[in-house]
Every structure is written in C-alpha cells, then in structure tokens.
Amino acid sequence: MEYLIIIISAIFVNNILLAQFLGCCPFLGVSNKLSTAVGMSGAVCFVITLSTLVTYLLQYYVLVPLHIEFMQTITFILVIAALVQMVEIILKKISPSLYQALGIFLPLITTNCAVLGIALIVVTKEFTFGGEPHMLNLAESVVYAFASSLGFGLAMILFAGLREQIALNKVPKPFRGIPIALVTASILAMAFMGFSGMV
Amino acid sequence: MVLSLGVICLVGSGLLAGVYVLTKDPIEAAAEAKTNNAIRQVLPEFDGVPEQKTIETDGGTISYYVASNAGEVIGYAVTASASGFSGPVSLMVGITADGIVYNTSVLSQSETPGLGAKCTEPAFADQFKNLNPAATKLAVKKDGGDIDAITASTITSRAYVAAVNNALAIYQAIVSGGVPDMSTGASVPTEDPAAQSAADTAAAQTAGDTAAAQTAEENK
Amino acid sequence: MGKFKLITKGLVKENPTFVLLLGMCPTLATTTSAMNGMGMGLATMFVLVLSNMVISATAPYIPDKVRIPSYIVIIAAFVTILQFIMQAYTPAMYETLGLFIPLIVVNCIVLGRAEAFANKNSVIDSACDGIGIGLGFTMSLTILGLVREILGSGSAFGFKFIEGDGIIAFVLAPGAFLALAYLIVIFRKITKIE
C-alpha cells in the first residue's frame, strides 16, 4: 500500500518536472519530437534509478560512518558522472541497439538536475506518504526514484506530443520556440495540479 | 590524466575540509540561535538558558526545553511535528506551567508558498496564542473544532493543529511522567481517504471526549 | 572586448535566462518571490565568478580528456563552500532555496561558461564574464520573482500592498511557466533579439 502511495505521489501529485521543476533543461530542450522524448525518458529512467541506488548506499555506508556528509554534493555528482560513463560503455558492448536509441542522450544526463536532485532528495528530505514523517529506506528510495523518473517520462512524452501538434500551427513571431512551449507547459502543469491533494 | 584529476579532487576536498572546520562553529551557533529564538518567542520572559531534556515516546526520543524564572518553572517549550501537504510541519510549542499554550513558532515546513506556507503568518498562527486547551476544541472548523483553517490549505491547517495536539500530549506526559499518547494528533492530517474518515471519527471522538469532560466538570 | 562590455553583455545581449535560456530549473523553481529569486541569482553568481576564475587559472594544466570531470569537481567544491557559508550566515535563505543550492553544480550556466569562456580567457576576463552573466541571471530571476510575487501574493519584496490573496496560481508551478513565457516575449519585443 505504501509503495502504491509513493508511486502515485511521485508520478502524478508531485511530478518531478511539473511540480518540482527538476530536469527542465531536457524538458524544454529535447521535447521537439516524440521519438527523442521517448529516448530521453528511457535513458533518464535508467540512470536515475541506478544512481539513486548507488548514492543511497554511498551516503549511509560511506559518508555517514566517516562523518564526511559535507562531501555529499561533490561525491554524488562524481558518482553520477562516472556511472553515466560506465552505462554508456556497457551499453555499447552489450546492446548496440539500445545504445543506438539511448546513447546520444547519456552524456546530457550528467548535468540533468533531476538525477542529482532525486539522489539528494532521498537522503535529505523526510517523507510522509500517509504515515509518520520518516527518512526513506533503501527499497522506498529506489521505488521513489523509479516512480519519479516515470513521472518525468510521462510529462516529457505528453509535452512532446503537444509540441508536435503546435509546430503545425501558426504562432505569433515573438512566441515562436521556447515561449509557446512554456505556455503549453503551464497548461500541462495546471492539468497536473488536478492531482494535488490526492495522496 | 588520472593524476591531474586526482590532484584536483585532493585539493578540492582539502579546501572543503578547511572551510568545513572554519564554518562548523558559526553553523552550529546559527542553529542554536534559531532554537533559542523560537523558545523565547513561544514562552513568557524567563531567565538564563532553558534546560534541554528528553522524553521517550513511541515515535522516538523527543527533546524539550524547561524555562524557569527565579528558580520556578514557568513553562515548557516542546518541539512537535505532523505530516502536512508536502512534508512535515514542525513547530516549537510553548506551554506554560498551568497548561496554557502560550505561543507557537514554525521551525520548518515545506508547504506550498502562497497556500500552506501561510501557516507562519499571524493571521493563522495567532489563533494558538494564549490558548486554553480545555476551553478550545483543537481541530479545524471543518472537523468540528474552533480553529479557522487557512483558505484552500486544510491539510496544512490540520497538520498544524495536530502538531500542537502532539505537543500537548508530550506536555501531559512530561508533567505526569507517562508515555504520551500521540495517536489522535498524528492521524488527523493523513491525506489518505480511508485514514481521513478514521481521523474524522477520531476528531469527533476527541470532541466527544471534551464534551464529556465538560459535562463531568459541570456535574462536580 | 573591454572589461565593461564583458560585464554588461550578460544583462541584455547574452542574458542567460531570456536569451540563452539556460539554468531553467532554478529559474522556475525558486522565483516564488522577488527576494528568493535574488538570493538564488546571487548564490549562482558567487559560484560562477569563483569557478570561472579557478578554471581559467588551471585550464592550461588540465588534460583535455578529463576536462569536464575536473570542472565539475571545481564547481562542486565551490557549491559546497557556498552551502557552508549560507548555512552559517543566512540560514533562513538557505532553508528557503533548499535543494536548489546543491543543484547549482548541474546548472548549465556555470559549466557552460567554464567550457565556452573561462578555459580560453585570462583570469580577470573570466571573473568579469562571471560577474556579467551572474548579474544578468540575478536580474532576470529578481524580475521573474517580482512579477510572480506581485500577481501571486499581492506583495513586492515582502511588502504587502494588496489585502488578501493574489492569483495563487502564479506562485505555483503553472504561473512559473506562464510568467517566464510572457517575460521572454516582452524581452524579445523590447530588445529585438531573436
């Protein structure tokens, strides 16, 4: 039950893009086409889940025992950068077809704030999820990270679909490009506000 | 190549450790000043430094502060929290020796700016100034209580009330020496519909209890 | 390019928010009020100026292959230093901006300037560039924060001039996107920059 609440909360209610503004750069940058949006979402899903797992273990089994929590930001970002590199290399060897689909997005992901953001959130923020406020445990963290990245994918794919439609219309000159995309995002965010208070 | 990256990492972490040591004391001082300010805000004038004590509850160890004036205990400052809309709402609640809520102060909250975050503003928070828990029903009006909820932020308002209720439960335990019963307070702000109806029942029960207590008092 | 020009170009011609469209996450997330926007802008500027200077000074000694990781380490170190300083001296602002302070590490503006400017220019020029872009970022965030605060809560820099609530949506997520969209349009109209 609690996991269900975590998943619904992370995908719809506190959508990582439309409510928390994490990962806005790819959201606005690579959402022109549906196919790229799908590729980007897949890569983000993969990296967020994996990096959260690693940084969670790093936080509680290395940083906290050594009392060097202040190195959190620097170690997390290094781990994420290394992880992205590794995923790229492994993917290239094991599954060239998957690498073809996701490969070009991987280098962009290191500086996607959603990845570092989720990694930091799970070790710093107290969550409630229908019970007492508590820090997340390993399983909850990974589920939360995965659900958040699904939320990223959902928003991203919806948004890319909308933008493909808008591209066919005549838009006033100053609105072309990013401004009309932002107006669309605003309406999409408003739609997602309908979920607020659900869990 | 690896060497130069290693050197950068080494210098970087050395620098960080240095700044960490330098700013450690000011950071602690800032945190302490925040707690002390909160205590001063929620209790009447007292001398010296409030004494920090801890109490065991079923939810873990909770620390509270005892303030005294000329050797006489004038009140307790209790930290308590409850689940709000987007995270815990945590309060410092000042309760005088005769059981009156003197004032409350928000220690931390992550509620929506412009909505739930208004719980820090006097319009809402001043309802908990000089509040006699025996004469006021500590629940939002929607739940049959006496507290005006913040417009469009019932969940935050419930959390605030629940935190005050928790603080009162802890206070009761401090005074009587028992284990605080925080079940009612904690379940009120739950956002799950099933739990919500349970909370409503609980709130109604509290209301009923208060009414019963009042009748009992009148009968005396 | 003169030093003065380096500093002023970030305000209009290469404004990071309205023209280059960089660093969108903090731009949208922290501008719930003018003060918050300004705080975020100044925090970013602090990291930007210092990392620009250090990267410019060390660039000749860093092998090309480990360039990006090295920059990230340098930037992350300054971000952590900023975290300590803010925790010690402006704890309230640190709490309000929360997660978005450590996330300066992945702000594309900072890494972008390191890669596009600092690693091939002198230390002084890089500092000026950092100040310029930082000021431009601070200015845009303050304006966006001000617009959202006026519409959303009926106040400006914390001074309330309308009783009661504003249009709350402007403090929430949809308002962030909408306000930024219209500010970019207005900026484009005034400056004629596409």
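As the structure is a prediction and not an experimental result, all values here were calculated from the model.

Undergrad: Hey, could you run me through the overall build of chain B in this one?
TA: Along the backbone of chain B there are 5 helices and 5 strands. By residue count, 45% of the 220 residues in chain B fall in the buried class. Just so you have it, chain B exposes about 10,700 Å², and 55% of that area is on carbon and sulfur atoms.

Undergrad: I'm lost on the environment of G99 of chain B in this one. Help?
TA: Residues and elements named next belong to chain B. The residue G99 is located in the loop between β4 (88-96) and β5 (101-108) in this model. Given a relative accessible area of 14%, G99 falls into the buried group. Spatially, the C-alpha atom of G99 lies 29 Å from that of E111, the residues being 12 residues apart in sequence. Not counting residues up to four positions away in its chain, the partners in contact with G99 are P133 and Y171.

Undergrad: It is not clear to me how the packing of helix α4 (residues 67-89) of chain C against helix α6 (residues 108-116) of chain C should be interpreted in this structure. Could you clarify?
TA: Helix-helix packing is characterised by the crossing angle of the two axes and by the distance between the axes. All names here are of chain C. Contact pair α4 / α6: the axes reach a minimum separation of 11 Å and the direction vectors enclose 130°. With respect to α6, the axis of α4 lies oblique. At the point where α4 passes α6, the crossing takes the right-handed sense. Along its contact with α4, which presents R67, I68, Y71, I72 and I75, the element α6 presents V110, L111, A114 and E115. By residue class, the composition of the contact of α4 with α6 is 7 nonpolar, no polar and 2 charged.

Undergrad: How should I be thinking about the interface of chain C and chain A in this particular structure?
TA: Accessible area lost on assembly of the parts is the figure often given for the size of an interface. Between chain C and chain A, the contact holds 36 residues from the first and 36 residues from the second. Taking both sides of the interface into account, the surface hidden between chain C and chain A amounts to around 3,000 Å²; carbon and sulfur atoms contribute 85%. The largest contributions to the chain C side of the interface with chain A come from C25, V106 and F177 of chain C, which together make up 21% of the buried area. One can count 0 salt bridges joining chain C with chain A.

Undergrad: Which parts of the structure should I look at to understand the pattern of salt bridges?
TA: Residue and element names in this part refer to chain B. Tallied over the full model, the rule gives 10 salt bridges over all chains. The partner of D148 in a salt bridge is K141, and the shortest N-O contact between them spans 2.7 Å. Note that R158 and D143 form a salt bridge whose closest N and O atoms lie 2.8 Å from each other. Highlighted residues: R158 in helix α3 (residues 154-176) and D143 in the loop between α2 (122-125) and α3, separated in sequence by 15 residues. When its relative accessible area of 9% is taken as the criterion, R158 is described as buried. The buried category is assigned to D143, whose relative accessible area is 15%.

Undergrad: Is there a simple way to explain helix α3 (residues 34-66) of chain A in this structure?
TA: The α-helix advances 3.6 residues per turn, and as a result positions three or four apart in sequence lie on the same side. Residue and element names in this part refer to chain A. Along its 33 residues, α3 runs 46 Å from first to last C-alpha, staying within 8% of the 48 Å computed at 1.5 Å per residue. A maximum bend of about 35° is found in α3 at Q59. Two residues or fewer past α3, H67 is found with a positive phi of approximately 60°.

Undergrad: Honestly, the packing of α3 of chain A against helix α7 (residues 113-124) of chain A in this entry has me stumped. Any pointers?
TA: Residues and elements named next belong to chain A. Between α3 and α7, the least distance of the axes is 9 Å, while the angle of their chain directions is 40°. Our classification of the angle between α3 and α7 gives oblique. Considering how the two elements wind past one another, α3 and α7 form a crossing that is right-handed. Of α7, the residues touching α3 (which contributes V47, I48, S51, T52, T55, Y56, Q59 and Y60) are A114, V115, I118, A119, V122 and V123. Grouping the amino acids of the contact of α3 with α7 by side-chain chemistry returns 10 nonpolar, 4 polar and no charged.

The rules we used
Residues numbered from 1 in each chain as written. Chains lettered and ligands numbered in written order. Predicted model: local features only at pLDDT ≥ 70, side-chain atom pairs only at ≥ 80, totals over all residues. Heavy atoms only, no water. Helix = DSSP H or I, 4+ residues; strand = E, 2+ residues; numbered from the N terminus. Buried < 20%, exposed > 50% of the residue type's maximum accessible area, 1.4 Å probe, protein only. Areas by Shrake-Rupley, 256 points an atom, 1.4 Å probe, with all protein chains shown as cover. Contact = heavy atoms within 4.5 Å. Axes fitted to C-alpha atoms, helices over the stretch in contact; angles between N-to-C directions. Parallel < 35°, antiparallel > 145°, perpendicular 65-115°, else oblique. Left-handed = near helix turned anticlockwise from the far one by under 90°. Nonpolar A, V, L, I, M, F, W, Y, C, P; charged D, E, K, R; others polar. Buried area = accessible area lost by both parts, 1.4 Å probe. Salt bridge = Lys/Arg side-chain N within 4 Å of Asp/Glu carboxyl O. Expected span 1.5 Å × (residues − 1). Bend = angle between axes of the 7 residues up to and from the residue.

These figures capture arrangement, not role.
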